[in-house]
Every structure is written in C-alpha cells, then in structure tokens.
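These are the residues of each chain, in order.
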2 protein chains.
Amino acid sequence: MQYSPCKGDISKLEVELHTTVLEVGPRDGLQNEDRVLPPDDRIAFIARCVDAGVRRIEAVSFVNPKRVPQMAGAEEVMAGVPRRDGVSYSGLVLNRRGLDRALAAGVDEINVAVPASDTFCVRNQGCTTSEMLDAWDGIAATAADAGVPIGMTIATAFGCPFEGDTPPAQVAELARRAAGAGAFEIAVADTIGVGVPSEVCELSRRVREAAPGTPLRFHFHNTRNTGYANALAALDEGAATLDASTGGFGGCPFAPAATGNIATEDLLYALHRSGVETGVDMERVAETGTWLAGLLGTPAPALLGRAGPF
Amino acid sequence: MQYSPCKGDISKLEVELHTTVLEVGPRDGLQNEDRVLPPDDRIAFIARCVDAGVRRIEAVSFVNPKRVPQMAGAEEVMAGVPRRDGVSYSGLVLNRRGLDRALAAGVDEINVAVPASDTFCVRNQGCTTSEMLDAWDGIAATAADAGVPIGMTIATAFGCPFEGDTPPAQVAELARRAAGAGAFEIAVADTIGVGVPSEVCELSRRVREAAPGTPLRFHFHNTRNTGYANALAALDEGAATLDASTGGFGGCPFAPAATGNIATEDLLYALHRSGVETGVDMERVAETGTWLAGLLGTPAPALLGRAGPF
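Along each chain, residue indices are assigned from 1 in the same order as the chain's sequence is written. All chains are assigned letters beginning at A, and all ligands numbers beginning at 1, according to the order in which they are written. For this predicted model, a pLDDT threshold of at least 70 governs which residues receive local features, and a threshold of 80 or more governs which side-chain atom pairs are given and counted, while totals over whole chains, interfaces and linings are taken from all residues. Think of the side-chain values as coming from all heavy atoms in the structure, minus any hydrogens and water.

- Looking up chain A in an unreviewed UniProt entry gives the name Hydroxymethylglutaryl-CoA lyase, with the organism given as Actinomadura darangshiensis.
- UniProt positions are given in the numbering used here, feature names are shortened, and annotations may be inferred rather than shown by experiment. In its Sequence similarities (unreviewed entry) section, the UniProt entry covering chain A states "Belongs to the HMG-CoA lyase family."

### Considerations on the overall build of chain A
Part 1: Each helix is a run of H or I in the DSSP string that is no shorter than four residues. Each strand is a run of E no shorter than two, and both are numbered from the N terminus. Summing up its helical and strand segments, chain A has 12 helices and 12 strands in all.
Part 2: Radius of gyration here uses only the C-alpha atoms, and the compact-globule reference equals 2.2 Å multiplied by the residue count raised to the power 0.38. Whereas a compact globule of 310 residues would reach a radius of gyration of roughly 19 Å, chain A reaches 18 Å, a difference of no more than 12%.
Part 3: To sort residues, take the accessible area from a 1.4 Å probe on protein chains only and compare it with the maximum for the residue type: under 20% means buried, over 50% means exposed, and anything in between is partly exposed. Each of the 310 residues in chain A was classed as buried or not, and the buried ones make up 60%.
Part 4: Pairs at least 24 residues apart make up 72% of the contacts formed inside chain A by residues separated by at least 6 positions. Should any heavy atoms of two residues lie within 4.5 Å, those residues are considered in contact.

### Some thoughts on the interface of chain A and chain B
Part 1: The interface is formed by 46 residues belonging to chain A together with 46 residues belonging to chain B.
Part 2: When chain A packs against chain B, the two sides together hide about 3700 Å² of surface, and 59% of this comes from carbon and sulfur.
Part 3: Any Lys or Arg side-chain nitrogen found within 4 Å of a carboxyl oxygen on Asp or Glu counts as a salt bridge. For the pair chain A and chain B, the interface holds 4 salt bridges.
Part 4: Whenever a nitrogen or oxygen atom comes within 3.5 Å of another N or O atom, the pair is scored as a polar contact, on the condition that within protein one atom can donate a hydrogen and the other can accept it, and that pairs from neighbouring residues in sequence are kept only if both atoms are in side chains. At the junction of chain A with chain B, the criterion picks out 16 residue pairs in polar contact (both at pLDDT 80 or more).
Part 5: If you list the elements that add at least two residues to the side of chain A that touches chain B, you get strand S7 (159-160), strand S8 (164-165), helix H8 (197-210), helix H9 (227-236), helix H10 (264-273) and helix H12 (304-307) of chain A.
Part 6: At 6 residues, H8(A) tops the list of elements feeding residues into the side of chain A that touches chain B.
Part 7: Under this grouping Gly is polar, as are all residues other than the nonpolar Ala, Val, Leu, Ile, Met, Phe, Trp, Tyr, Cys and Pro and the charged Asp, Glu, Lys and Arg. For the side of chain A that touches chain B, the residue count by class is 23 nonpolar, 12 polar and 11 charged. Summed over both partners, the accessible area (1.4 Å probe) lost when two parts come together is defined as the buried area.

### Looking at the side chain of Glu265(B)
Part 1: Looking at the secondary structure, you find Glu265(B) in helix H10 (residues 264-273).
Part 2: Ignoring anything within four residues of it in the chain, the contact list for Glu265(B) reads Ser245(B), Thr246(B), Gly247(B), Met282(B), Val285(B), Ala286(B), Gly289(B), Ala302(B) and Leu304(B).

### Things to note about the relation of the copies chain A and chain B
Part 1: What sets the superposition is a least-squares fit of C-alpha atoms, and only residues with pLDDT of at least 70 in both copies go into it. With an RMSD of 0.0 Å, the fit of chain A onto chain B corresponds to turning through 180° and sliding 0.0 Å along the axis. Each copy turns onto its partner about a two-fold axis. Across chain A, the smallest distance between a C-alpha and the rotation axis is recorded for Ala229(A), namely 2.0 Å.
Part 2: A shared interface surface links the copies, since 100% of the contact residues of chain A are contact residues in chain B too.

### Section: the packing of H9(A) against helix H9 (residues 227-236) of chain B
Part 1: Contact geometry for H9(A) and H9(B): axes closest at 6 Å, N-to-C directions at 60°. Here H9(A) lies oblique to H9(B), going by the angle between them. Between H9(A) and H9(B) lies a crossing whose hand is right-handed. Packed against H9(A), whose contacting residues are Tyr228(A), Ala229(A) and Leu232(A), the element H9(B) presents Tyr228(B), Ala229(B) and Leu232(B) at the interface.
Part 2: Looking at the contact of H9(A) with H9(B) residue by residue, the class counts come to 6 nonpolar, no polar and no charged. To get an axis, a line is fitted to the C-alpha atoms, and for a helix only the part in contact is used. The angle between two axes follows their N-to-C directions and goes from 0 to 180 degrees. An angle counts as roughly parallel when it lies under 35 degrees, as roughly antiparallel when it exceeds 145, as roughly perpendicular when it falls between 65 and 115, and as oblique in every other case. The sense of a crossing depends on the near helix, which, turned anticlockwise from the far helix by less than a right angle, makes the crossing left-handed and, turned clockwise, makes it right-handed.

### Some remarks on the nonpolar core
Part 1: The nonpolar core is taken to be a set of buried Ala, Val, Leu, Ile, Met, Phe, Trp, Tyr and Cys residues, with the residues joined through side-chain atoms within 4.5 Å. Grouped together as the largest cluster of nonpolar side chains are 194 residues, with contacts concentrated most on Ile110(A), Phe218(A), Ile110(B) and Phe218(B).
Part 2: Setting aside chain neighbours within four positions, we find Phe218(A) in contact with Phe158(A), Val188(A), Val200(A), Ser204(A), Ala234(A), Ala239(A), Thr241(A), Leu242(A) and Asp243(A).

### Section: the sheet that holds strand S6 (residues 150-155) of chain B
Sheets are built from strands that pair by backbone hydrogen bonding, the pairs being arranged parallel or antiparallel.
Residue and element names in this part refer to chain B.
Part 1: Taken in spatial order, the 8 strands of this closed barrel run S2-S3-S4-S5-S6-S9-S10-S11, and their pairing is parallel. Mean inter-strand twist for the sheet, computed between neighbouring axes without regard to direction, equals 25°.
Part 2: When DSSP finds two or more bridges between a pair of strands, those strands are recorded as paired. For strand S2 (residues 20-23) and strand S11 (residues 241-244), the ladder comprises 4 bridges, and the chain directions are parallel. Across the sheet, Thr 20 pairs through a bridge with Thr 241, a residue of S11.
Part 3: Across the sheet, helix H7 (residues 168-180) lies against strand S5 (109-115), S6 and strand S9 (186-190), angled at about 170° from S6, the strand it touches most.

### Looking at the packing of aromatic side chains
Residues and elements named next belong to chain A.
Part 1: For Phe, Tyr and Trp, where Trp contributes only its six-membered ring, two rings pair if their centres lie within 6.5 Å, and the inter-plane angle classes them as stacked under 30 degrees, edge-to-face over 60, or tilted in between. Going through the model one piece at a time under the given rule, you end up with 8 aromatic pairs over all chains.
Part 2: Residues Phe 120 and Phe 162 carry aromatic rings whose centres are separated by 6.5 Å and whose planes lie at 40° to one another, so their mutual orientation is tilted. A residue pair is termed long-range when its members are at least 10 positions apart, and Phe 120 in helix H5 (residues 118-125) and Phe 162 in the loop between S7 and S8 qualify at 42 residues.
Part 3: Counting every residue linked through ring pairs, the aromatic cluster contains Phe 158, Phe 218 and Phe 220.
Part 4: Put simply, a charge is over a ring when the Lys NZ or the Arg CZ is close to the ring centre, within 6 Å, and near the line of the ring normal, within 35 degrees. Above the face of the Phe 162 ring, Arg 123 is positioned so that its terminal group lies 4.1 Å from the ring centre.

### Some remarks on the pairing of strand S4 (residues 88-93) of chain B
Residues and elements named next belong to chain B.
Part 1: Counting buried residues along S4, 6 of its 6 residues qualify, which places the element largely inside the surrounding structure.
Part 2: Bridging between strand S3 (residues 56-61) and S4 involves 5 bridges; their strand directions are parallel. By the bridge assignment, Ser 61 is partnered in S4 with Leu 92.
Part 3: As a crossover connection, the stretch from S3 through helix H3 (residues 74-80) into S4 is right-handed. If the strands point away from the viewer and the path from the first strand over the helix to the second runs clockwise, then the crossover is right-handed.

### Brief notes about the sheet that holds strand S4 (residues 88-93) of chain A
All names here are of chain A.
Part 1: Read around the barrel, 8 strands follow the order S2-S3-S4-S5-S6-S9-S10-S11 and close on themselves; strand pairing throughout is parallel. Across the sheet, the mean angle from the axis of one strand to that of its neighbour is 25°, orientation sign disregarded.
Part 2: Where strand S2 (residues 20-23) and strand S3 (residues 56-61) come together, 2 bridges link them in parallel fashion. Bridging from a neighbouring strand, Glu 23 pairs with Ile 57 of S3.

### What about the packing of H7(B) against helix H8 (residues 197-210) of chain B?
Residues and elements named next belong to chain B.
Part 1: Put simply, H7 and H8 touch, their axes get as near as 8 Å, and they point 35° apart. As for how H7 packs across H8, the hand of that crossing is right-handed. Facing Pro 168, Ala 169, Val 171, Ala 172, Ala 175 and Arg 176 of H7, the residues of H8 in contact are Glu 202, Leu 203, Arg 206, Val 207 and Ala 210.
Part 2: Grouping the amino acids of the contact of H7 with H8 by side-chain chemistry returns 8 nonpolar, no polar and 3 charged.

### Quick notes on H8(A)
Part 1: By this rule, a helix spans an expected 1.5 Å times one less than how many residues it contains. Here H8(A) is 14 residues long and its end C-alpha atoms lie 20 Å apart, about the 20 Å a rise of 1.5 Å per residue gives.
Part 2: Of all the positions in H8(A), only Pro197(A), Ser198(A), Glu199(A), Val200(A), Cys201(A), Glu202(A), Leu203(A), Ser204(A) and Val207(A) are classed as buried.
Part 3: Tucked into the core, H8(A) has its buried residues touching helix H7 (168-180), strand S9 (186-190), strand S10 (216-220) and H9 of chain A together with H9 and H10 of chain B.

### Some remarks on the pattern of salt bridges
Part 1: Taken as a whole and assessed by the stated rule, the structure comprises 34 salt bridges over all chains.
Part 2: The residue Arg176(A) makes a salt bridge to Glu173(A) at a minimum N-O spacing of 2.8 Å. Within this pair, Arg176(A) and its partner Glu173(A) are both found in helix H7, separated by 3 residues, close to a single helical turn.
Part 3: A residue is classified by how much of its surface remains accessible, and Glu173(A), at 33% relative accessible area, is partly exposed.
Part 4: Glu237(B) is the partner of Arg205(B) in a salt bridge, and the nearest nitrogen-oxygen pair spans 3.2 Å. Residue Arg205(B) is found in helix H8, and its partner Glu237(B) is found in the loop between H9 and S11; the two are separated by 32 residues along the sequence.
Part 5: What makes Arg205(B) partly exposed here is its relative accessible area of 36%.
Part 6: We classify Glu237(B) as buried; its relative accessible area is 7%.
Part 7: Through salt bridges with shared partners, a single ionic network connects Arg56(A), Glu109(A), Glu185(A), Arg217(A) and Asp243(A).

Put into structure tokens, the structure is as follows:
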C-alpha cells in the first residue's frame, strides 16, 4: 500500500502503511565529520539504533582508511555489532578489495555506490562511471557466489557539483546494469541535495521501467531544505526503503558548509504523523542524535531534538 | 494550473505555473527575535524584498508595543516603505484599536489572526476564539467600509502546544465565519510547525468546502522539518499564496528553541526547480537573509545561503 498524502481523508485510513528506514548514520553520517570516532563509539551508536527498533543499518564502509580515516576499523566495528534476528548490516564497497574485506567481515548486505556523473566518479572514486560499472558486474557475481545480497546505489542521480543536472537517462542506464547483474535493490541518491519532488517522481518511474520488479530505496540530503519533501514523494511513488542519518549528520566533501543527510528522527516524525509505521522509536532516536552531537562536538542538524515531539 | 509533482514528466511541461510568495519576515520573522530592529532597519529589509521582486509583504503588526517591542513603530515603517505599482503591504491586526491604526497608517491589506485553539487564543491574544470571532465580524465590516481588503489567518490550524491536535472541523468553522464576513483570502497557519502533507490536503479541502471560491494562503513553520513538504503539498492542493520569511527567521514564543518560518530563499529554490515561477530573484533574497542574520546577530536557519544555489 502506497503512502499518498492527497488521495484520501487520513482520519479514515484503515489500511496499514509501513516503510523501512535504513540508518546510514554510522557510515554516511560520520564519514565527513572532522572528529573521527573510534570503532567502540561506532558500535555503541549502532547498538542504540538497534535498541530503538532500526532493522537495516549501513554500519561500515570498506574504503582506504588513509583516504577516509573516519571509516577505519570497519572489521572491528562489524565484529562488535549486536547480532539480532531480523537486523541486517550493510557495508559500502567501491572495488574488489573492498568486497573481499566485506565478505570476510561478515556483512549481511553489500552496497556498491556508482555515481551517474562521470566527473564525480573520477573525483570521488578514482575511476570513470564506465570502469565502475565493469567492476560492478564482477563484484555482483562474486557476492552472488558467496550468497550475500548486493545492491547498487546510483549516486549523484539528481545533480553533480561538476556536471550540473544529471540526465535521467543516465540513471536509467545504471539501473538497467544493476538489475542485469542481479541487484536485490536499487537506491537512487541525491548525494549533494539538489533535487525536488517532481524529479523524485520522474527518476522513480524511469528506474522502475529500466529495472522492473527490483525494490527501490531513496537516499536524500537536506542540503537545500528539500530532503523531507523528497522522501515523502519517494514514498508516494512506492519506494520500499528510505535512508536517513540519526541527528542529520553527514554531508558531501564537495559541499563543506552543507547540512547532511535527512535526519532519522525528523523523518520518523513526518512518517508517523502521516500514518506510516516504521517500528522505530522516534524519541529514542532523537536521544541518540543528541548523544551523537556530544561525541562529535557539534550541534545536530536534526530539528526534533530541539523542538521536542508533539 | 496546479503544481502536481507526480502527475507528469516535468521535462514535458508546457504550461506556465506561477505562485505568489508573501514575505512575512518583517512581521513574523522579527517579532520573536531577541534583538529589536528599529523602523529604519525594517524599512531597509522591506525595500530589499521589493527590489528582489516580492509583491506581497506583511510589513507590520499593529499590536501593543509594550507586549511586542519588536513591532514598535509600525506607523513609522509604513510611512517609509517604497510605494511601487503592484506591491501590496499587509498589516496584522488583532482588535479594533489595531484596525484603526492600520487604516490610519495606509496598509493595502489587513490580516486578522484567529487561533483555532481557544487556549492559544487566550494566551496569545487575551480573549477566547469566540470573542475573537465576534471582534472579527466588526473589524471586517469596518475594513469593508474603508475599502481595504481584509483576510483571516486561521492560526494553530494543525495543532496547539496546549490543546494538542486541532480538530479540522474547528478550522472549517473559522473559514465559514471568515467567508461570511467577506474575507478576500483565508490563510491556514501551522503556527507551531507540527503538520504533515496529509493534513495540508485535508485542511485545504475542508476550508474550500466551508468557503467555496475564497483564495487560499498557507503559512508554515519548519519547526520539525516538515515545512517545505507542506508548502509543496499546499501548492498541489491549489493554494494561491505561500508565506515565507527571508532567512527562515521567526518562531513561536511558546517554542523558544524552535526553528522559524520556512525560509523564502529555500522555498524559492524548491519552487523554481519544480518549474513554478514566482517573479522573485532567489539569489537576492539569499543575500538579504545573510544581511539580516548580521543585523540580528544570529545565524539564519535558511540553508541556501550556506549551500549555495545549484
């Protein structure tokens, strides 16, 4: 059942609406922060998310710790996370070396980011989009052999700081390649926070045409205050999963002053008040946002912790 | 033509979409700030808005300057604003005394705020909602005799810090009273920033049923990060006008830590990228937000000034 804000009287809703929130704070939320959190703090953060009811968590990134010191010790983090029935831990992977580490560390899902913008791909990942897609095919085959579900995140799907607007056809082509290699899920990411709901609708339709039947996930940043509107639009388009980061931390190395991912607690507020269930305790997430702000020594961009629930 | 994010391919839109943005920064944006701006600064702020292309501005509030020192000198402000063809200045009025001052000061429109929540009305305006409605009838008749358009803003239409959720039937009843006394416009205000898009849709329909043919305006605060999603939902429901405050300043005296009104520059970003024209120069508004933050000595909640345009 889709969320559809304007198609009925909410007081008369009898169907049960549900969506899954994927917590990306331990990865995307922390990877651009000045203060580097050690594995123990990241394990504590993840445990708090699980206690609050989160069931999908992007826990780690298997990238070069010299390039991204915030993500060092991914193996240590994975060794320390609480293992509970129904809780799935994802690891971000950009190449074969990362894949080998992810499989050895025992992640439940693998997420490969492929930027739709070639320039962004070169600057962020050191190879062209075409080279990244070739790597993707091999990574996906190996993950399949290992029996680990693998999904693709199409990064810079809305726009790129170097190339401007991303043509939707490029996003569709990446979705086709993702599905062709057996992706269990395709994520559409507004990496630099430039999109608006009408684009969410268009990309959602293009990706569904290119990869029929593959569940959709969306990833939004609130860089220009459009992130929450985009998340609700994605839900309206039938997205199965929405990414969010506790406290609203995160950002993009190419937009240093920008606000981060949409905040998990603020997304939960909008979802729950819209009658969409998530199984996650909003107030516990908000407390974790405040706790995390203390660890990072910087205020959380999330608003719920400041305003209080209603 | 309505804005409708999910009903077409934006690249194929051929109709022209337009909406009016009403700048409420000089009134709602400033009335809760610790630093009191003198009339000359407020006139300069208003002149910057006009230069950026804004055509409707809530310039002043005719309330007791002892209670709201930020709004002292309303007459001085009105005497100093730039008078240009097509630019309309509104003044907020809560009683007969305020109406007399507004008419004498030469406002182009009068806006009367009537809270749907009785407790909020008593705490904020010193009378019950019922007493306020009786006053409204007299104020509207006098304004009509003077030939000045008068509209009603239904405050706390979504929720109240004291009474909780506002029953939509109360909002509809206020809309009926507004239309009955000849309101040229009805505004639905989420004074404390608790609403979500599904509620915007429901209230919009209730108000249109209660007051058929009267143009709708919506007023959102981004207290819990739902303000921009609400604004786009209102547009989708055919709202003619959206309120916003340059820099995103403003707030509610009963939610002191909360973020303010939706920011004009961030709303313009979402509208323009959605293909909705406003006639307002987004970058000039963003510059004014930064300028205003300097005057107020506090960072602007708006994000566009930080992230930059795209």
